[in-house]
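Notes for the structure review
Residue-level listing of the chains:
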Amino acid sequence: MPDAPTFVPLGLAGGQGKTTVALMLGRILATYGLNILFVDADPQASLTAFLGVEPSPDRPTLLELISRPPSKIPLHTAIYPVPQNSNLFLIPADDELEAANSYLASSGTSLTVLRDRLYQAGEAVDPGDRVASSFDLIIVDPPPERSHLALTSLGCGNLWAIPAEANVKGVQSLLRTLELIQSYQAKIPYGQLAGVIPFRAKWVGLSPTETTRESIKTMEQLAGIERMLPHLLESDVYKRAINDQVLPRDLGKPDLEYPLLALIDRLKPALGEKASLIESREVVAR
Amino acid sequence: MSLLSKIREEAQSPTFKVEPRSDVLVSPPPPISHSATTGAPPQPEIAQGEISGLQQRLDQFPTISPKKVGLRMEEQIQKDLQAYCLQHGVTPETLMEAYWTIVQSKDGLSRQVLREAQARAARRTEAGNLRSSITKLQNLKKSK
């Protein structure tokens, strides 16, 4: 079994849609039968909460995985099954993950430590017990700050996407995130930018608002039009779907998943044989 | 058993446990100089009878009142008294206790000391009255 690739939605500001993209993408892929491992790398632990996982105080979380060696904390012991979805799993976070920033700052291994842990680099593991080969995609939800946890999230990604609000704050976040990628790209040649997803785009009637149109235009200039993905609309349906632990389709709004399906298309080459599961489902749906 | 099954089993019955995680916003406790492994300071071995023996000896001493008596004295007497105490390794408190004890035991001396104390009290009262009169007159002068 080949190792699963890692996808990371990046964005150096809060409220850009990183967790929404991570969560919806994972849930959609799970409907195709793919096994997804989420990694919550944000001390705010929103993804952990949205997946309905409550980390036990005496079980390992991402903090222990990052700060303690594999001999002390084997990778599989920090993975929680997600309730009510047999294809979803999570390495959770809690507030105390903040301590990982200090550890990473002093260790000098921010860029590589999480990737080494997830892919069990240097560990003598039976092929059947390799975590990365037991899943089809790993999705890391990074923190919004330009921190060591953000850097370690960037460093473990094969594929990145940048969700960015369709406003000035989002453009600023996109710019800073592109600069971060540019700074470290040479050290992580296996990583590539899959696309930019404008988030919370607003439309009035059949036209986007001026702010949305101008912001997306600026994003195209910054990232290149070929990298742009369809935008996620400003809609309460996403919030309700997150709250209810379902997908927009379950709330009668399958169209709102379109930008995520477009993202999945970009990820397919990295999914290998598993991509055929997605295609066959699409054929059946037609 | 597949890895995913192992993960589910680990969730049911965890085999790896960690210590409670600490909040980074809460300052860590000061470093402990004694052995960190015991978690408590080393306790010296004390014979049970030792404390009660010391307590019995302590009980033989007079109890010191928790109330303090503030003494304001003539400047020169206070200076002389402090120098005297320093010279002989006593304190104004113990010197006062000694004077009281000795004088009480000698009736003639006791009356002599009392007369001197009454004369001093009268002088202090007169001095106090004079200070009061001066203050009142100064205040009247200001108000005109």
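Just so we're clear, the structure is a prediction, and the values are computed from it rather than from any experiment.

The next subject is the overall build of chain B. Secondary structure summary: chain B contains 5 helices and 0 strands in total. Listing the helices and strands of chain B from first to last along the sequence gives α-α-α-α-α. When the 144 residues of chain B are sorted by exposure, 8% land in the buried category. For chain B, the exposed surface amounts to about 13400 Å²; the carbon and sulfur share of it is 58%.

The next point concerns the overall build of chain A. From N to C terminus, chain A includes 12 helices and 9 strands. Compactness check: chain A gives a C-alpha radius of gyration of 18 Å against a globular reference of 19 Å for 286 residues, within 12% of the reference. When the backbone C-alpha atoms are referred to their principal axes, chain A occupies close to 60 × 45 × 35 Å. Within the span of chain A, comprising 286 residues, buried residues form 56% of the whole.

Our focus in this paragraph is the pairing of strand 5 (residues 137-141) of chain A. Regular strands place their side chains on alternate faces of the sheet. All names here are of chain A. In terms of burial, strand 5 is largely enclosed, as 5 of its 5 residues are buried. Burial along strand 5 is two-sided: Leu137, Ile139 and Asp141 facing one way and Ile138 and Val140 facing the other are all buried. Bridge analysis of strand 1 (residues 6-9) against strand 5 gives 2 bridges, and the strand direction is parallel. Note on strand 5: the bridge partner recorded for Thr6 is Ile138. As paired strands, strand 2 (residues 36-40) and strand 5 are joined by 5 bridges and run parallel to one another.

What follows concerns the environment of B:Val113. Looking at where B:Val113 falls in the secondary structure, it is placed in helix 5 (residues 107-143). Along the sequence, B:Val113 and B:Val103 sit 10 residues apart, while their C-alpha atoms lie 7.8 Å from each other.

Before going further, it helps to examine the packing of helix 4 (residues 92-105) of chain B against helix 5 of chain B. Residues and elements named next belong to chain B. Running from N to C, helix 4 and helix 5 point in directions that differ by 120°, and their axes come no closer than 5 Å. Taken together, the axes of helix 4 and helix 5 are oblique relative to one another. Where helix 4 abuts helix 5, its residues Val103, Gln104 and Ser105 lie against Asp107, Leu109, Ser110 and Val113. Across the contact of helix 4 with helix 5, the residue classes tally to 3 nonpolar, 3 polar and 1 charged.

In the structure shown here, the tally under the stated rule is 16 salt bridges over all chains. Here A:Glu64 makes a salt bridge to B:Arg21, at a shortest N to O gap of 3.0 Å. Of this pair, A:Glu64 sits in helix 3 (residues 62-67) while B:Arg21 sits in the loop between helix 1 (3-12) and helix 2 (48-59), which puts the two residues in different chains. We note that A:Glu64, like B:Arg21, is buried. One network of salt bridges, in which partners are shared, links A:Glu64, A:Asp94 and B:Arg21.

Our focus in this paragraph is the interface of chain B and chain A. Facing the 17 residues of chain B at the interface are 29 residues of chain A. With both sides pooled, the region where chain B packs onto chain A buries about 2000 Å², and carbon together with sulfur makes up 63% of that total. When the area that chain B buries against chain A is broken down by residue, the three leading residues are B:Leu3, B:Phe16 and B:Arg21, summing to 36%. At the boundary of chain B and chain A, one finds 5 salt bridges. The closest approach of N and O atoms between B:Glu19 and A:Arg68, which form a salt bridge, is 3.8 Å. One can count 7 residue pairs in polar contact (both at pLDDT 80 or more) joining chain B with chain A.

Here A:Asp42 is to be found in the loop between strand 2 and helix 2 (46-50). Buried A:Asp42, no salt bridge; nearest opposite-charge side chain is A:Lys18, N-O distance 6.5 Å.

Turning next to a nonpolar patch on the surface. All names here are of chain B. A cluster of nonpolar side chains, Val69, Leu71 and Met96, forms an exposed patch at the surface whose accessible area comes to about 310 Å². Mapped onto the elements of the fold, Leu71 is located in the loop between helix 2 and helix 3 (75-88). For Leu71, a relative accessible area of 46% puts it in the partly exposed group.

Attention now goes to the packing of aromatic side chains. Residue and element names in this part refer to chain A. Evaluated as defined, the whole model comprises 1 aromatic pair over all chains. Ring geometry for Phe89 against Phe135: centres 5.3 Å apart, planes inclined by 75°, an arrangement best described as edge-to-face. Remark: Phe135 occurs in the loop between helix 6 (131-134) and strand 5 and Phe89 occurs in strand 4 (residues 88-91); sequence separation between them is 46 residues. The ring of Tyr119 carries Arg115 above its face, with NZ or CZ at 4.5 Å from the centroid. Its guanidinium or amino end placed over the ring of Tyr190, Arg115 lies 4.1 Å from that ring's centre, counting from NZ or CZ.

Residue and element names in this part refer to chain B. By the assigned domains, chain B splits into domain 1 (73-105) and domain 2 (106-144). Taking only C-alpha atoms, the centre of domain 1 and the centre of domain 2 are 23 Å apart. On the domain 2 side, the residues contacting the 7 residues of domain 1 number 8 residues. Approximately 530 Å² of surface area, both sides summed, lies buried where domain 1 meets domain 2, with 48% of it carried by carbon and sulfur atoms. Where domain 1 meets domain 2, there are 1 salt bridge. As a salt-bridge pair, Glu74 and Arg120 come within 2.8 Å of each other at their nearest N and O atoms. There are 4 residue pairs in polar contact (both at pLDDT 80 or more) connecting domain 1 and domain 2. Looking at the side of domain 1 that touches domain 2, the element that brings in the most residues is helix 4, giving 4 residues. Class assignment of the residues belonging to the side of domain 1 that touches domain 2 gives a composition of 4 nonpolar, 2 polar and 1 charged.

Reading guide: rules and limits
- Residues numbered from 1 in each chain as written.
- Chains lettered and ligands numbered in written order.
- Predicted model: local features only at pLDDT ≥ 70, side-chain atom pairs only at ≥ 80, totals over all residues.
- Heavy atoms only, no water.
- Helix = DSSP H or I, 4+ residues; strand = E, 2+ residues; numbered from the N terminus.
- Buried < 20%, exposed > 50% of the residue type's maximum accessible area, 1.4 Å probe, protein only.
- Areas by Shrake-Rupley, 256 points an atom, 1.4 Å probe, with all protein chains shown as cover.
- Rg over C-alpha atoms; globule rule 2.2 N^0.38 Å.
- Pairing = 2+ DSSP bridges.
- Axes fitted to C-alpha atoms, helices over the stretch in contact; angles between N-to-C directions.
- Parallel < 35°, antiparallel > 145°, perpendicular 65-115°, else oblique.
- Contact = heavy atoms within 4.5 Å.
- Nonpolar A, V, L, I, M, F, W, Y, C, P; charged D, E, K, R; others polar.
- Salt bridge = Lys/Arg side-chain N within 4 Å of Asp/Glu carboxyl O.
- Buried area = accessible area lost by both parts, 1.4 Å probe.
- Polar contact = N/O pair within 3.5 Å; in protein donor to acceptor, adjacent residues only side chain to side chain.
- Lys, Arg positive; Asp, Glu negative; His and termini not counted.
- Patch = residues over 30% accessible without salt bridge, like charges linked within 9 Å, V, L, I, M, F, W, Y side chains within 5 Å.
- Phe/Tyr/Trp six-rings, centres within 6.5 Å; stacked < 30°, edge-to-face > 60°.
- Lys NZ or Arg CZ within 6 Å of the ring centre and 35° of its normal.
- Domains from an automatic or database assignment.

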